[in-house]
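Observations on chain architecture
Now for the letters of each chain:
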Amino acid sequence: MAKRNGTATTDFILLGLFPEFQYASFLVYLILLVYLIALIGNSILIFLIWMNSYLHTPMYFLLSQLSLIDLFYISSSVPNMVINHFLGKHSISRIGCGVQMFFCLTLGGAECLLLTLMSYDRFVAVCNPLHYAIIMNPKVCLLMTVASWTGGALNSLIQTIYTMHFPVCGLKEINHFFCEMPAILKLSCADTSDYEMVVFVVSIVFILIPFTLIMASYIHIFLTVLRMNSPEGRNKALATCSAHLTVVSFYLGPGIVVYMTPGSSHTTTLDQGLSMFYTILTPTLNPLIYSLRNKEVVRALKKVLRKNLISK
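This is a predicted model, so every value here is computed, not measured.

Conventions used here
Residues numbered from 1 in each chain as written. Predicted model: local features only at pLDDT ≥ 70, side-chain atom pairs only at ≥ 80, totals over all residues. Heavy atoms only, no water. Disulfide = S-S within 2.5 Å. Helix = DSSP H or I, 4+ residues; strand = E, 2+ residues; numbered from the N terminus. Pairing = 2+ DSSP bridges. Contact = heavy atoms within 4.5 Å. Axes fitted to C-alpha atoms, helices over the stretch in contact; angles between N-to-C directions. Patch = residues over 30% accessible without salt bridge, like charges linked within 9 Å, V, L, I, M, F, W, Y side chains within 5 Å. Areas by Shrake-Rupley, 256 points an atom, 1.4 Å probe, with all protein chains shown as cover. Salt bridge = Lys/Arg side-chain N within 4 Å of Asp/Glu carboxyl O. Buried < 20%, exposed > 50% of the residue type's maximum accessible area, 1.4 Å probe, protein only.

Applying the stated criterion across every chain yields a total of two disulfides. Disulfide pairing is shown between cysteine 97 and cysteine 179; the S-S distance is 2.1 Å. In this structure, the disulfide formed by cysteine 97 and cysteine 179 twists by about -125 degrees around the S-S bond and is classed as left-handed. Placement of the pair is cysteine 97 in helix H5 (residues 94-127) and cysteine 179 in the loop between strand S3 (173-174) and helix H8 (181-185), with a sequence separation of 82 residues.

This brings us to the sheet that holds strand S2 (residues 91-93). Strand order in the open sheet formed by three strands is S2-S1-S3, with mixed pairing between adjacent strands. What marks the edges here is a single partner per strand, and that holds for S2 and S3. Note: strand S1 (residues 11-14) against S3, two bridges, orientation parallel. When the bridges of S3 are listed, isoleucine 13 appears paired with glutamate 173. Running over the sheet, H5 touches S1, S2 and S3 and is turned about 85 degrees from S2.

This part takes up a nonpolar patch on the surface. Taken together, the side chains of Phe21, Tyr23, Phe26, Leu30, Leu33, Ile37 and Leu288 make up a nonpolar region of the molecular surface, amounting to roughly 690 Å² of accessible area. Sort the elements by how many residues they give to the nonpolar patch and helix H2 (residues 24-51) lands first, with four residues. Along the chain, phenylalanine 21 turns up in the loop between S1 and H2.

On to the pairing of S1. The side-chain alternation of S1 yields two buried faces, one formed by Asp11 and Ile13 and the other by Phe12 and Leu14. Across three bridges, S1 lies against S2 in antiparallel orientation. Pairing of aspartate 11 across the sheet is with serine 93, part of S2.

In short, geometric facts, not functional conclusions.
Okay, here's the thing in structure tokens:
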């Protein structure tokens, strides 16, 4: 205990995922397996998109960026959590905590913006197909990507600097498996109510507005799809859009609860459970949802496998 107190004077202490859970090691092994699935799934999806010319379209370009964000996003928290568990090391320096928070917020914000832009891409493809190639040209796609990464990074830089400047009292124990902003704010011995209001406003911009725009896009898409004469075209549009909508629900839904409701209204256990949705579960499900429900991706995968089997 003395050692723990000594560490707490200079470092934060990450208590880990559900510290009171009896089978913590089993849970960590399970998350490690999920992490490996996420790495393999997203890497394969990026490889297939970049190696097959018929997947060089705006939708798949944005999808490759989503997979890239997911790779970095899940890697910003899970490896550190797993290593800390097996080494029995729970301390993290203030700088290390700030760096982890910066990357998590950057990637989280970038994904919010990118999901919104992907819904716009689907809106144009379904509702205005004749002008799709003109509107969604390579320059626009590149600007969308740059805007997502830049917007996420700028917001993260401001939020991280402001959050880390608050004085922290006591043992500096973070009841979480990574340095997430709401968990850090709970440690502060200063009044954070004004800043929590700022976080709420920022969350409107990065979570609620994107969610509203995405839902509006899909309402227009579904109304357009219902008027289609071709059953094949209708099914293809619905399959692509339902996959995107599933991802959005898993990602933005928990984020609304964690960042847009008072911290006192939910427990740390609920916060950790919801955080797992957008930091671990969504990056793992994204490639599975998009590939299993997408004929072009499945065809590209079969083509690669067939080529390797023939070469052997």
